[in-house]
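Below, each chain spelled out in residue letters.
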Amino acid sequence: GLAQSVTCGSTPPESTQGSRMPMDFRKALPEELARLQQLARDNIDTHYRGILGNEGVDRFLDSGASDRYVEDNIEHCIVMDDGESSERIVGFAVCKQDLIAMLMVDIDRHREGIGSRLLQHCEGELFRHHPQLRLESFEGNTRGNRFYKKNHWNLLQRENDSQSGVSKYIFVKR
């Protein structure tokens, strides 16, 4: 499967908004589960209230669905750390087959180019096995949708998300 074929090594430093930051990409380790779950919860708590509403976010987080999703997909997680210490996870993505199913960046590290670098790394890995990639985003995720378009993803369709009851966008990239 894809999880076994993803190679995550050290990547050379790249220019990111004028600064040069070495970052490492690798598969997530089982002992990192709690950190990844916390990173996802922090992002959902901070950025999804305007999309799902306070009640929707609280219900989702309280149900443990976010934690279960990360746990169920730990073998599909690509972790990005700051290059200085593997303890300093700055973001992660869940990549399954041709789908980037989740992309989360430490909420204190937004607007540093980390998300773009993580997305580009995932694209590079997945394009090795698939001619077209997909990702999903809530329609109300204005900032995220702008980010995907900036990174050359094309909006394919809008559909209702039965779990959340809100509309989501399906983006593709060839």
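Residues numbered from 1 in each chain as written. Predicted model: local features only at pLDDT ≥ 70, side-chain atom pairs only at ≥ 80, totals over all residues. Heavy atoms only, no water.

Caption draft 1: Just the pattern of salt bridges, in detail. Under the defined criterion, the tally for this structure stands at 16 salt bridges. The structure contains a network of salt bridges with shared partners spanning Glu136, Glu159, Asp161 and Lys168. (Salt bridge = Lys/Arg side-chain N within 4 Å of Asp/Glu carboxyl O.)

Caption draft 2: Quick peek at the nonpolar core. Counting residues in each nonpolar core, the largest one holds 22 residues, and the members touching the most others are Ile100, Leu119, Tyr148 and Trp153. Broken down by element, the residue count for this core peaks at five residues, all from helix α5 (residues 114-127). Within the second largest apolar cluster, 21 residues are counted, among which are Ala28, Ile44, Leu52 and Ile89. (Core = buried A, V, L, I, M, F, W, Y, C linked by side-chain atoms within 4.5 Å. Buried < 20%, exposed > 50% of the residue type's maximum accessible area, 1.4 Å probe, protein only. Helix = DSSP H or I, 4+ residues; strand = E, 2+ residues; numbered from the N terminus.)

Caption draft 3: The packing of helix α2 (residues 33-47) against helix α4 (residues 65-72), seen in detail. Packing of α2 against α4 brings their axes to within 9 Å, and their N-to-C directions diverge by 135°. The orientation of α2 with respect to α4, classified from their angle, is oblique. Crossing geometry of α2 relative to α4 is assigned as right-handed. Two secondary-structure elements touch here, α2 through Leu33, Leu36, Gln37, Ala40, Arg41 and Ile44 and α4 through Ser66, Asp67, Val70 and Glu71. Of the residues contributing to the contact of α2 with α4, the split by class is five nonpolar, two polar and three charged. (Axes fitted to C-alpha atoms, helices over the stretch in contact; angles between N-to-C directions. Parallel < 35°, antiparallel > 145°, perpendicular 65-115°, else oblique. Left-handed = near helix turned anticlockwise from the far one by under 90°. Contact = heavy atoms within 4.5 Å. Nonpolar A, V, L, I, M, F, W, Y, C, P; charged D, E, K, R; others polar.)

Caption draft 4: Molecular detail of the pairing of strand β5 (residues 89-96). In terms of residue burial, β5 counts as a mostly covered element, since seven of its eight residues are buried. As judged from the five bridges shared by strand β4 (residues 77-81) and β5, these two strands associate in the antiparallel manner. Bridging across to β5, Ile78 finds its partner in Ala93. Strand direction decides the pairing type here: β5 and strand β6 (residues 99-105), joined by six bridges, are antiparallel. Paired with Phe92 across the bridge in β6 is Met104. Taken together, β5 and the strand that follows it, β6, pair antiparallel across an intervening segment of two residues, in which Gln97 is found at a positive phi of about 55°. (Pairing = 2+ DSSP bridges.)

Caption draft 5: Layout of the confidence of the model for the protein. The predicted model of the protein has a mean per-residue pLDDT of 87, with 86% of residues at 70 or higher. Every residue in residues 1-19 scores below 50 in pLDDT, and together they form 48 contacts with partners more than four places removed in sequence or on other chains. (pLDDT = per-residue confidence, 0-100.)

Caption draft 6: The arrangement of α5 in detail. Its 14 residues give α5 an end-to-end C-alpha distance of 20 Å, which sits within 8% of 20 Å, the value for a rise of 1.5 Å per residue. Counting buried positions over the 14 residues of α5 gives 11, a clear majority of the element. Of all the residues in α5, the buried ones are Ile114, Gly115, Ser116, Arg117, Leu118, Leu119, His121, Cys122, Glu123, Glu125 and Leu126. (Expected span 1.5 Å × (residues − 1).)

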